[in-house]
Amino acid sequence: MAAPTQKRPSDMTASPPAWADPARASAFAHWLSTVAPRHALQTDSVRLASADASFRRYFRVDAASGASCIIMDAPPTLEDCKPFVKVAGLMQDAGLRAPQVLAWDEAQGFMLLSDLGAQTMLDVIAPPAAIENLFE
């Protein structure tokens, strides 16, 4: 299981994910109910973690241990997760820190990952004033 991550106050109060497609919402709920017991996930804690410039979405979910995990929602008709899984494995094999794939329903496009934390590299290496300058 993933190491415990520090929770931000916004993580604690975020609302559950919204679904535009009721069939996908139902598929997600079913998938989550099957993986939750194996990983001691608290299904009522699912909240949006981030989204990127693709069709993928990421949710954070708490585990009974105090750790959290990441759920990737990547509709298989729009996203191919095989390269992600391969690269994550290669990075781990090389001794680099990368998300561990804990569960993957390739047909549905749902993946449970270890959580590397909410803090980004930019949070660590750049003071807030420098970040503002980058965006200006």
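Residues numbered from 1 in each chain as written. Predicted model: local features only at pLDDT ≥ 70, side-chain atom pairs only at ≥ 80, totals over all residues. Heavy atoms only, no water.

It is worth spelling out the overall build of the protein chain at this point. In terms of helices and strands, the protein chain carries five helices and five strands. Helices (α) and strands (β) of the protein chain occur, in sequence order from the N terminus, as α-α-β-β-β-α-β-β-α-α. Buried residues in the protein chain amount to 35% of all 136 residues. By sequence separation, contacts in the protein chain at least 24 residues apart represent 50% of the contacts at least 6 residues apart. (Helix = DSSP H or I, 4+ residues; strand = E, 2+ residues; numbered from the N terminus. Buried < 20%, exposed > 50% of the residue type's maximum accessible area, 1.4 Å probe, protein only. Contact = heavy atoms within 4.5 Å.)

When you tally the buried positions in strand β3 (residues 68-73), you get six out of six residues, the bulk of the element. Of the two faces of β3, the one carrying Ser68, Ile70 and Met72 and the one carrying Cys69, Ile71 and Asp73 are both buried. Bridge analysis of strand β2 (residues 57-63) against β3 gives six bridges, and the strand direction is antiparallel. Bridge assignment links Val61 to a residue of β3, and that residue is Cys69. Remark: four residues form the turn of the hairpin made by β2 and β3, two consecutive strands paired antiparallel; Gly66 in that turn has positive phi of roughly 100°. In this structure, β3 lies alongside strand β5 (residues 110-114), joined through five bridges in antiparallel fashion. Within the sheet, the bridge partner assigned to Ile70 lies in β5 and is Leu113. (Pairing = 2+ DSSP bridges.)

This brings us to the pairing of β5. Judged by how many residues are buried, β5 sits mostly within the fold: five of five residues are covered. A two-sided burial pattern is seen for β5, the buried positions comprising Phe110, Leu112 and Ser114 on one face and Met111 and Leu113 on the other. Bridging between strand β4 (residues 101-105) and β5 involves four bridges; their strand directions are antiparallel. Across the sheet, the residue bridging to Val101 is Leu113, located in β5.

The next subject is the packing of aromatic side chains. Enumeration over the complete set of coordinates arrives at six aromatic pairs. Through a chain of ring-to-ring contacts, the aromatic side chains of Trp19, Phe28, Trp31, Phe59 and Phe110 assemble into a single cluster. For the cation-ring pair, Arg57 lies above Trp19, with the distance from its terminal atom to the ring centre recorded as 4.5 Å. (Phe/Tyr/Trp six-rings, centres within 6.5 Å; stacked < 30°, edge-to-face > 60°. Lys NZ or Arg CZ within 6 Å of the ring centre and 35° of its normal.)

For Asp80, the position within the fold is in the loop between β3 and α3 (82-93). A C-alpha to C-alpha distance of 8.4 Å links Asp80 and Gly109, two positions 29 residues apart in sequence. Of note is the side chain of Asp80, whose polar atom sits 3.1 Å from the backbone nitrogen of Lys82. (Polar contact = N/O pair within 3.5 Å; in protein donor to acceptor, adjacent residues only side chain to side chain.)

This next bit is on the nonpolar core. Among the nonpolar cores identified, the biggest contains 17 residues, and Phe28, Trp31, Leu32, Leu41, Ile71 and Leu112 are the most heavily contacted of them. Looking at this core, the elements with two or more residues in it are α2 (22-39), β1 (41-51), β2, β3, β4 and β5. Per-element accounting of this core gives the leading share, six residues, to α2. When neighbours within four sequence positions are excluded, Phe28 is seen to be in contact with Trp19, Val46, Phe59, Ile71 and Phe110. Grouped together as the second largest cluster of nonpolar side chains are seven residues, Met72, Ala74, Cys81 and Met111 included. (Core = buried A, V, L, I, M, F, W, Y, C linked by side-chain atoms within 4.5 Å.)

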